[in-house]
Every structure is written in structure tokens, then in C-alpha cells.
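Summary of structural features
So you can see what is in the structure, the chains are spelled out below.
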Amino acid sequence: KRKLMAIICAASLVFSCGAVAFADETEGVEDKEPLAEEPYNVGITIQDLSNATWAARVNEITKRAEEEGWAVTAVQHTNDPQKCVTQIENFTSNECDFIFIQSSAADAIKDTCKAAQEKGICIVGTGTGFDFADMNYTNDNYDAGVRCG
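Structural notes, computed from the coordinates. (Residues numbered from 1 in each chain as written. Predicted model: local features only at pLDDT ≥ 70, side-chain atom pairs only at ≥ 80, totals over all residues. Heavy atoms only, no water.)

1. Concerning the pattern of salt bridges
Under the definition given, this model contains two salt bridges. Between lysine 63 and glutamate 60 there is a salt bridge; the shortest N-O distance is 4.0 Å. Taken as a pair, lysine 63 and glutamate 60 lie in helix H3 (residues 52-67) at a separation of three residues, close to a single helical turn. A cluster of three or more residues bridged by salt bridges with shared partners is formed by Glu60, Lys63 and Arg64. (Salt bridge = Lys/Arg side-chain N within 4 Å of Asp/Glu carboxyl O. Helix = DSSP H or I, 4+ residues; strand = E, 2+ residues; numbered from the N terminus.)

Here it is, written out as C-alpha cells:
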């Protein structure tokens, strides 16, 4: 049940990030239902927080999670697979409920992610999908380039 709720909450955070709310959609809204009955602990490991796009994604996820009262820790691994593994291990030790991971080293992090999943932690692949992730948030870069062009 906890893993299902984490997946639903992660999906809500991920898919609501960047969404535009128009004034008439939120007008008169006083209270909102929390996404979860209890606060969650979120870990985010990303390649490079100096990248404006990736930093904006982390900032938006962090903002929305903190609005729910959830704890968020975001770190960068600078595309170093061993550093990413260590960060995932740290998130697991700190009992994160789910971990967002942006990494191009799927083979290097697979076993560490599986160990986290065995403890009930939801793994969310961002940018690059992983066949072992509980869910993936990816986009088609080619299609995005065509649309921008």
C-alpha cells in the first residue's frame, strides 16, 4: 500500500511540474487535500544542478513536495556512477520513500536500486528511463527538437 501511494504521489509531483494553472482554475480554492496522509521523504540525484533545465525541474519538484510537508534532499552526482550509487545508498539509509534518479549509468546503479526497492522505496527514473524503475518520467528529445524547430 505504501509503495502504491508513493508511486501515485511521485506521479502527481512529476506530471504536475511545469503545468500551468490559469487564474480561473484556482479562483476560490481555499483548502486542498494533501496527496498523502503522512509526509514523505524524497531523494533526488541528478547529473548536474548547474544545468538550468535540470535545476528548474529539481526546484519545482522540491517546491511542490515541500508544499505537501514532505522532506526533500537534492544532490548532484556530476555523471559519476559511483557517486550516484553512494547517493542512492544514502537515500536508502535515510529511509526515503522514493528516489528520483537522473543517470546515464543504468547498469552501474541497477543493483543499488533493486536493494532500495526491496526496502519498499519507489525508484523514479527521470530524463532516462530504467527498465527496473517503478516508474519513468522521460521525454522524446527528438520530438521536442522537432517541435521547437
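Now that the structure is up, let's keep going.
2. Considerations on helix H4 (residues 81-93)
Compared with the 18 Å implied by 1.5 Å per residue over 13 residues, the 18 Å span of H4 between its first and last C-alpha is a close match. Looking at H4, one finds that the buried residues are Cys84, Val85, Gln87, Ile88, Phe91 and Thr92. Here the buried residues of H4 occupy an arc of 165° about the axis, which is enough to place them on one side. Pointing more than 90 degrees away from the buried face of H4 are the exposed residues Gln82 and Ser93. Among the structural elements, strand S1 (41-46), strand S2 (71-76), strand S3 (98-101) and helix H5 (106-118) are those in contact with the buried residues of H4. With a side-chain oxygen positioned 3.0 Å from the backbone nitrogen of glutamine 82, the residue opening H4 is aspartate 80. Positioned one or two residues after H4, glutamate 95 has a phi angle of 55°, which is positive. (Expected span 1.5 Å × (residues − 1). Buried < 20%, exposed > 50% of the residue type's maximum accessible area, 1.4 Å probe, protein only. Arc of directions from axis to C-beta. Contact = heavy atoms within 4.5 Å. Polar contact = N/O pair within 3.5 Å; in protein donor to acceptor, adjacent residues only side chain to side chain.)

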